[in-house]
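Spelled out from the first residue to the last, the chains are:
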Amino acid sequence: MLELLLDLVFVAALALTSRTLAQRLDWVGAIQTVVLLLAIWWVWSVTALVTELYHAQRPPILVMTLWVMLGTLLMAGTLPDAFSHHALVFAGAYVAIHLGRDIFLVAALHNRAAHLHPSRFIFWFLVSAVPWLAGGLAAGPATGLLWTAALAIDYGSAWLRYPTPRLGRVPMSQYTVAADHLAERYQQFFTLALGDLILVTTLTYADNDMTISRTTALLVAFAATVLLWQIYVHRAGALLQATIESSRDPGGFVRSTPNTHLLMVAGVVAASAGFEVVIAHPTEHTTPWLAGVILGGPALFLVGRARFEYEVFSRVSPSRLVALLMLIVAGPALVIAPALVAGLTATLVLAGVAIADGIRARGHPPEQPAPSM
């Protein structure tokens, strides 16, 4: 229940990230959205790993989780102006979440061995804090460049398993401790990410005059939400936990799962931004950037879903590849069509994938995870 309460904060953060992109559909807006999403995702991903390593029922973990929630609320509240007036507040909240969480764990946990993980985290988050805070103090493009460097440090140190002077790296065996529950956590978070799509489209519909075209756009967005969920949970989504448990390298699987789900969550965020514009302006012509977002969202999701499927079954369904090709081909043609047609096109492509999944499920026996090599 505590973990689900934490996730609710991130629904708001993802919704504001989508709205930030919808309000600035250009290169600058896209790059800024990527930076913001990577920061938000890293707060959730690292916190999920830490809570699993130290068990969510311990009192220190309760206090730590509430600290992360408070910091994330502050980050979310600054998202619309994170690259301008509120840059330092956004960066300061991000740094405070990570350093505060790990410093608290070192102080609260009395087992010396339990100090190793947060001590490694503290070292690397101190390193990345320099470009984060410098970016908050800078102005213009320098903010984005410094924050990109900070994210490279955060993600790169995690990929290298936090190599720290005198402490070494996190042992691979440590990643297997809570692999089964982490699988459930990622499934929960993706489902909650779909709440971003529902929240943003509903608020946009409520903020505008109720017309037939807007109501149709809302129904199309709802259908897309259901289809994204259906494609995600089909087979691989249900078998993720079993795959981790049967894998010869569950630690490696746990380390790759965040990147796979990041792609799928990014796809949902982009689709949410696209459908917000479609509902607000359903009859206006589709701009190249709107076409890129409304089609690119499902494309990003399918890329992540294809990688997810490959991790589970060591193969990719042809329907994913065909759908990606259709989304790419449809882009140029949709520029001359109304925005509602663009949203409908993306939804129909997703429907094709879901139908192909259903046909394959009826025609073949249930699949099992591919054996690890």
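Before any of the text, the structure's been laid out above.
Please read these numbers as outputs of a predicted model, since none were measured by experiment. (Residues numbered from 1 in each chain as written. Predicted model: local features only at pLDDT ≥ 70, side-chain atom pairs only at ≥ 80, totals over all residues. Heavy atoms only, no water.)

Some thoughts on the nonpolar core
In step 1: Met75, Phe90, Tyr94, Trp132 and Val265 are the most contacted members of the largest nonpolar core, which totals 106 residues.
In step 2: Sort the elements by how many residues they give to this core and helix 2 (residues 27-54) lands first, with 15 residues.
In step 3: Non-local contacts of Val265, meaning those with residues more than four positions away in its chain, are made with Leu14, Leu37, Trp41, Phe189, Phe190 and Ala193. (Core = buried A, V, L, I, M, F, W, Y, C linked by side-chain atoms within 4.5 Å. Buried < 20%, exposed > 50% of the residue type's maximum accessible area, 1.4 Å probe, protein only. Helix = DSSP H or I, 4+ residues; strand = E, 2+ residues; numbered from the N terminus. Contact = heavy atoms within 4.5 Å.)

Considering the packing of helix 5 (residues 116-137) against helix 6 (residues 141-159)
In step 1: Where helix 5 meets helix 6, the axes come as close as 7 Å, and the angle between the chain directions of the two elements is 165°. Overall, the two elements helix 5 and helix 6 adopt an arrangement that is roughly antiparallel. Here helix 5 and helix 6 pass one another in a crossing that is left-handed. Every residue of helix 6 that contacts helix 5 at Trp124, Phe125, Val127, Ser128, Pro131, Trp132, Ala134, Gly135 and Gly136 is listed here: Thr143, Leu146, Trp147, Ala150, Leu151, Ile153, Asp154 and Ser157.
In step 2: Of the residues contributing to the contact of helix 5 with helix 6, the split by class is 11 nonpolar, 5 polar and 1 charged. (Axes fitted to C-alpha atoms, helices over the stretch in contact; angles between N-to-C directions. Parallel < 35°, antiparallel > 145°, perpendicular 65-115°, else oblique. Left-handed = near helix turned anticlockwise from the far one by under 90°. Nonpolar A, V, L, I, M, F, W, Y, C, P; charged D, E, K, R; others polar.)

Here's the deal with the pattern of salt bridges
In step 1: In total, this model carries 8 salt bridges according to the counting rule given.
In step 2: A salt bridge links Asp7 to Arg185, with the shortest nitrogen-to-oxygen separation between them at 2.8 Å. With Asp7 in helix 1 (residues 2-22) and Arg185 in helix 7 (residues 179-207), the pair connects residues that are 178 residues apart, well separated along the chain. Just as Asp7 is buried, Arg185 falls in that class too.
In step 3: Here the salt bridges do not stand alone but share partners, grouping Glu309, Arg315, Arg320 and Asp357 into one network. (Salt bridge = Lys/Arg side-chain N within 4 Å of Asp/Glu carboxyl O.)

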